[in-house]
Every structure is written in structure tokens, then in C-alpha cells.
Amino acid sequence: MKEIDPLSLRPEELIVLVRQLRQQLTAQEQEIAHLKSQLAAQQGQSVADKPNQGTLPSAPEEVGSGSQEDLLAQLEKIYPDGR
């Protein structure tokens, strides 16, 4: 994806972009949850007698609504290269 100048977008375009990014984030969070459950099942089978030695970091919490600047700042953190 090419780099987008957020100031050049209309509010409707920003809304569409934020929705798409939220959908991507939701899909990634679901994949992380699935992989975590697979890992837990694998560890449970291979190391049934040993306690867990650590935990995986939790998935980011859902992004709340905020100002346009807040959303753009969050997008820049998630996609620093403008991907």
C-alpha cells in the first residue's frame, strides 16, 4: 500500500480506512488467539508434568473511539512504514 497523506483524505475515506484497519486488527487478534490455543495444547501434550514457565503477551486491547488525531497516531504506531 502506498503512503497516504491523512490530511488529503475526506472524512468518509478516513472512516473506511479505519474500518479496514480495525478488521485487519481483529483478524490478527483472532489468529493470535488461535495460535496461543494451539501452543497451549502442544505444551500440554509434551510437558504435562511441568508447570508453565512463562506466558505470552496478551493481544492489544480493542481500540476505543477517539479524535481523528488519536486514530491517526494509533495507525502510525501500527503501520510505521505506511503499509
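Bear in mind that the values here come from a model prediction, so they are computed numbers and not experimental data.

Draft legend 1. The overall build of the protein, seen in detail. The number of helices and strands found in the protein is 2 helices and 0 strands. Split into buried and exposed, the 83 residues of the protein put 12% on the buried side. Counting only contacts in the protein whose residues sit at least 6 apart along the sequence, the fraction spanning at least 24 positions is 65%. Summed over its atoms, the accessible surface of the protein is roughly 7,200 Å², and 52% of this surface lies on carbon and sulfur atoms.

Draft legend 2. Seen up close, helix α2 (residues 68–78). Three or more residues of α2 are buried, namely Leu71, Leu72 and Leu75. Buried residues of α2, seen end-on, are gathered within an arc of 100° and therefore sit on one face of the element. Structural note: α2 exposes Glu69, Glu76 and Lys77 on the side pointing more than 90 degrees away from its buried face. Tucked into the core, α2 has its buried residues touching α1 (11–46).

Draft legend 3. View of the nonpolar core. One finds Leu14, Leu17, Val18, Leu21, Leu71, Leu72, Leu75 and Tyr79 forming the largest nonpolar core, which totals 8 residues. Every element with two or more residues in this core is listed here: α1 and α2. In terms of residue count, the dominant contributor to this core is α1 (4 residues).

Draft legend 4. Summary view of α1. Between its terminal C-alpha atoms α1 stretches 52 Å, which fits the 52 Å expected from 36 residues at 1.5 Å a residue. Those residues of α1 not exposed but buried are Leu14, Leu17, Val18, Leu21 and Leu25. Here the buried face of α1 lies against α2.

Conventions used here
Residues numbered from 1 in each chain as written. Predicted model: local features only at pLDDT ≥ 70, side-chain atom pairs only at ≥ 80, totals over all residues. Heavy atoms only, no water. Helix = DSSP H or I, 4+ residues; strand = E, 2+ residues; numbered from the N terminus. Buried < 20%, exposed > 50% of the residue type's maximum accessible area, 1.4 Å probe, protein only. Contact = heavy atoms within 4.5 Å. Areas by Shrake-Rupley, 256 points an atom, 1.4 Å probe, with all protein chains shown as cover. Arc of directions from axis to C-beta. Core = buried A, V, L, I, M, F, W, Y, C linked by side-chain atoms within 4.5 Å. Expected span 1.5 Å × (residues − 1).

By themselves these figures say nothing about function.
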